[in-house]
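A closer look at the structure
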Amino acid sequence: MKKAAIILPTYNEGGNIEEIINDIFSQQKLIENWQLEIVVVDSCSPDKTGETIKQLQKKYHHLHLLETPKEGLGKAYKKGFEYAFNKINPYLIIQMDADGQHDPKKIPEFLKEIEKGADFVVGTRYSKGGSIPKNWGIHRKILSLGANFIIRFGFMKPQVTEWTNGYRAIKTWIIKNAANHIKNYSGYVFQVAMLDFAIINNAVIKEIPIHFEERKSGISKINALQYSAQTFFYVFSHSPFIKFVIVGIIGFVIDFGISYLGIERLQKPVWIITLLSTETAILSNFLLNNFWSFAHKKIEGGPMKYFLNFLKFNLVSSGSVAIQTLGLQLLVIIFGRKLWYLYKILIIIFIIIPYSYILYNKFIWKSK
Ligand code: GDD
Ligand code: MN
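Quick caveat, the model's predicted, so the values are computed rather than measured. (Residues numbered from 1 in each chain as written. Chains lettered and ligands numbered in written order. Predicted model: local features only at pLDDT ≥ 70, side-chain atom pairs only at ≥ 80, totals over all residues. Heavy atoms only, no water.)

A closer look at the site of ligand 1
- Around ligand 1, the surrounding shell holds 28 residues, and the nearest of these are E13, D99, Q101, S220 and K221.
- One of the side-chain nitrogen or oxygen atoms of Y188 is found 3.1 Å away from an oxygen atom of ligand 1.
- When the free accessible area of ligand 1 is taken as 740 Å², the share hidden by the protein chains comes to 98%.
- Given that more than half its atoms are within 2 Å of the pocket grid, ligand 1 belongs to the second largest pocket. (Near = heavy atom within 4 Å. Polar contact = N/O pair within 3.5 Å; in protein donor to acceptor, adjacent residues only side chain to side chain. Areas by Shrake-Rupley, 256 points an atom, 1.4 Å probe, with all protein chains shown as cover. 1 Å grid on protein atoms, 1.4 Å probe; cavity = no way out; pocket = protein on both sides within 12 Å on 5 of 7 lines; lining within 4 Å. Sits in = over half its atoms within 2 Å of the grid points.)

Here it is in C-alpha cells:
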C-alpha cells in the first residue's frame, strides 16, 4: 500500500488540531489503496499544540510530531518533508492548513487525481466550484485575487488559476528535485516557488475546486505585507515573460544607440548603420533570451542547432518589422500622422510582444 504523508504545520492551533486530526483519519476508511500518515510540524506553540499531539499519539499510530523553532511556514514545511522522506518514505505529500480552512473530506479526491496521472494537485479557490469566505474584508480579497492575477499573467500561465493556496498533493520526486530551488524561501512564498518549479519541470498539474472555509479558531499567521513583497519579487525575478520584455527593451536601446552613433555622430550611410544596429540588437536579444529569459529551455545540440535557431529568430524578427511597418502605415492612413508614436507603442504592446513571445515558445525555445 502506498503511503500519503500529510504535513500539518502548526503555530498556536490548539483550538483546531484535535478536530482536524480526527477528521483526517476518518477519511482512511474511504481510501483503500493509501495509508495516511500525519506529520505535525509544530513550531513550539506557546498554546501547547504539541502536548495535544502527544496525547493523540496514544490513540493514533500513524501520527508523528516534529518540533521545530519558529522560522516561517516554508521552513516548517521543508523540515516536515525531510522528516517524512526519512521516516515514512511516502509516495506523495499532502499539504494542509491545520485550522479547518482545508476540508479533509477532499483528501480522497486529491488521491484520485494522482491515481489518474497527476503529479501535482492544487486545491483552487478561483475556478468554478471553488470559493473564498464571503465575510473576508475587501483588502484581503484584493490581496489574494491580485497576487494570483499577477503570478498567473507574470508567468503567462492563465490556465493555472491558483498559485498560493496551501492545500495540495505533490508527488515526492517533485519535492526532492525542488530542494535546491526552494531552499531560500522560508515564508509563505515557498508555495509559489514550488508550483513554478513543478511547471518548469513538466509535472502534470491538476486543479480541483475547493471551498476555503473560515478559520475554526485562532488567527492567521500570515504577514500580508512581507508576503506580497516576496511574491512580487519572486515573479519579477523568475518570470520568463518579464525577462523577455526586459531583453526587448535592451535590444531597443542597443538598436537606437548604434543608430545614433553611426548616423548622427559618424555620419555613415543610413542603410549600413541600420543593418548593423538591427542585426546587433537581434543577436543580443537572441543570446540574452537563450541564456536568461528561457535559460530553462536553452538550445542544445551544438553550433549548427544554434545557427539554425538564430536564423529562425531572424525570421520571427523580420515578421515583427513587417507587422510594425504595415500596421503603422495603416493606422496613419486611417487616423493621420499626429499620434504616430502612440500607434507604435500600441502595436508593440498588443501585437509585437504577444506575437514574438508565442513564436519564440513555439519554434525556438520549445518545452523539453
Ligand atoms: N510550524 C509552523 N511554523 N507553522 C506555521 C507557521 C510557522 O512559522 N506559520 C504558519 N503556520 C501554520 C498555521 O498554524 C496553519 O496551520 C498553517 O501554517 C497556515 O497558516 P495560516 O495562518 O492558517 O495561513 P492563512 O490561512 O492565512 O494562509 C493560507 O493562504 C496562504 C496564501 O494564500 C494558507 O492556505 C497558506 O498555506 C497559503 O500559503
Ligand atoms: Mn489558514
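A closer look at the domain arrangement of the chain
- Considered domain by domain, the chain is made up of domain 1 (2-237) and domain 2 (240-364).
- Relative placement of domain 1 and domain 2: their C-alpha centres are 42 Å apart.
- Listed as interface residues are 8 residues of domain 1 and, on the opposing side, 7 residues of domain 2.
- Both sides of the domain 1 and domain 2 interface together cover about 580 Å² of buried area, and 79% of this is carbon and sulfur.
- Between the two partners, domain 1 and domain 2, sit 0 salt bridges. (Domains from an automatic or database assignment. Contact = heavy atoms within 4.5 Å. Buried area = accessible area lost by both parts, 1.4 Å probe. Salt bridge = Lys/Arg side-chain N within 4 Å of Asp/Glu carboxyl O.)

A short note on the sheet that holds strand β5 (residues 120-124)
- Spatial ordering of the open sheet is given by β3-β2-β1-β4-β6-β5-β7, a layout of 7 strands whose pairing is mixed. The sheet is open, and its two borders are formed by β3 (63-67) and β7 (205-209), each paired with just one other strand. Going across the sheet, the axis of each strand differs from the next one's by a mean of 20°, ignoring polarity.
- Where strand β1 (residues 2-10) lies against strand β4 (residues 92-95), 4 bridges are found, and the strand directions are parallel. Across the sheet, the residue bridging to I7 is Q95, located in β4. (Pairing = 2+ DSSP bridges. Helix = DSSP H or I, 4+ residues; strand = E, 2+ residues; numbered from the N terminus. Axes fitted to C-alpha atoms, helices over the stretch in contact; angles between N-to-C directions.)

A few points about the coordination of the manganese ion (ligand 2)
- The coordination sphere of the manganese ion (ligand 2) contains the protein donors D97 (OD), D99 (OD) and Q101 (OE1), at a distance range of 2.0 to 2.2 Å.
- Going along the chain, you hit the donors of the manganese ion (ligand 2) in the pattern D-x1-D-x1-Q.
- For Q101, a relative accessible area of 5% translates into the label buried. (Donors = N, O, S within 2.8 Å, 3.2 Å for Na, K, Ca; no water. Buried < 20%, exposed > 50% of the residue type's maximum accessible area, 1.4 Å probe, protein only.)

Examining the packing of helix α3 (residues 73-87) against helix α6 (residues 172-182)
- Put simply, α3 and α6 touch, their axes get as near as 11 Å, and they point 135° apart. Taken as axis vectors, α3 and α6 run oblique relative to one another. Handedness of the crossing formed by α3 with α6: left-handed. In this structure, α3 uses K78, F81 and F85 to contact α6, whose residues at the interface are T172, I175, K176 and I182.
- Split by residue class, the contact of α3 with α6 holds 4 nonpolar, 1 polar and 2 charged. (Parallel < 35°, antiparallel > 145°, perpendicular 65-115°, else oblique. Left-handed = near helix turned anticlockwise from the far one by under 90°. Nonpolar A, V, L, I, M, F, W, Y, C, P; charged D, E, K, R; others polar.)

Quick notes on the pattern of salt bridges
- All chains considered together, the criterion is met by 11 salt bridges.
- Put simply, E109 and K106 hold a salt bridge, and the shortest N to O gap is 3.3 Å.
- Salt bridges sharing common partners tie together E13, D99, R215 and K221.

Details of the UniProt feature "transmembrane region" (unreviewed entry) in the chain
- Annotation from UniProt places "transmembrane region" (unreviewed entry) at residues 241-263, 269-292, 313-335 and 341-360.
- Span residues 313-335 is 100% helix and 0% strand, its end C-alpha atoms 32 Å apart.
- In this annotation, residues 341-360 is assigned 100% helix and 0% strand; the end-to-end C-alpha distance for the span is 26 Å. (UniProt positions renumbered as here; feature names shortened; annotations may be inferred.)

Some thoughts on the layout of surface pockets
- Estimates place the volume of the largest pocket at around 1,200 Å³.
- Looking at the largest pocket, it is lined by 36 residues, and the ones nearest its centre are G248, F252, Q324, I348 and I352.
- For the lining of the largest pocket, the secondary structure elements donating two or more residues are α9 (240-265), α10 (270-293), α11 (303-335) and α12 (340-364).
- A class-by-class count of the residues in the lining of the largest pocket yields 19 nonpolar, 14 polar and 3 charged.
- Estimated volume of the second largest pocket: approximately 960 Å³.
- If you go around the second largest pocket, you meet 44 residues; those closest to its centre are L73, Y188, S220, K221 and I222.
- Among the secondary structure elements, those contributing two or more residues to the lining of the second largest pocket are β1, α3, α5 (138-154) and α8 (224-238).
- The element best represented in the lining of the second largest pocket is α8, accounting for 7 residues.
- Taken together, the residues of the lining of the second largest pocket break down into 16 nonpolar, 19 polar and 9 charged. (Points joined across faces, edges and corners; volume = space filled by probe spheres on them.)

Digging into the pairing of strand β6 (residues 168-171)
- Neither face of β6 is left uncovered, since the one carrying R168 and I170 and the one carrying A169 and K171 both have all their residues buried.
- Bridge count for β4 against β6 is 4 bridges, and the pairing is antiparallel. When the sheet's bridge partners are listed, I93 is paired in β6 with I170.
- As paired elements, β5 and β6 share 3 bridges and run antiparallel to each other. In the sheet register, V122 faces β6, and the bridge partner there is R168.

Quick word on the environment of N12
- Topologically, N12 is positioned in the loop between β1 and α1 (17-25).
- The spacing of N12 and I219 is 207 residues in sequence and 8.7 Å in space, taken between C-alpha atoms.
- Setting aside anything within four residues of it in sequence, one finds N12 in contact with S45, P46, D47, T49 and K221.
- Only 3.1 Å separates the side chain of N12 from the backbone nitrogen of D47, close enough to count as a polar contact.

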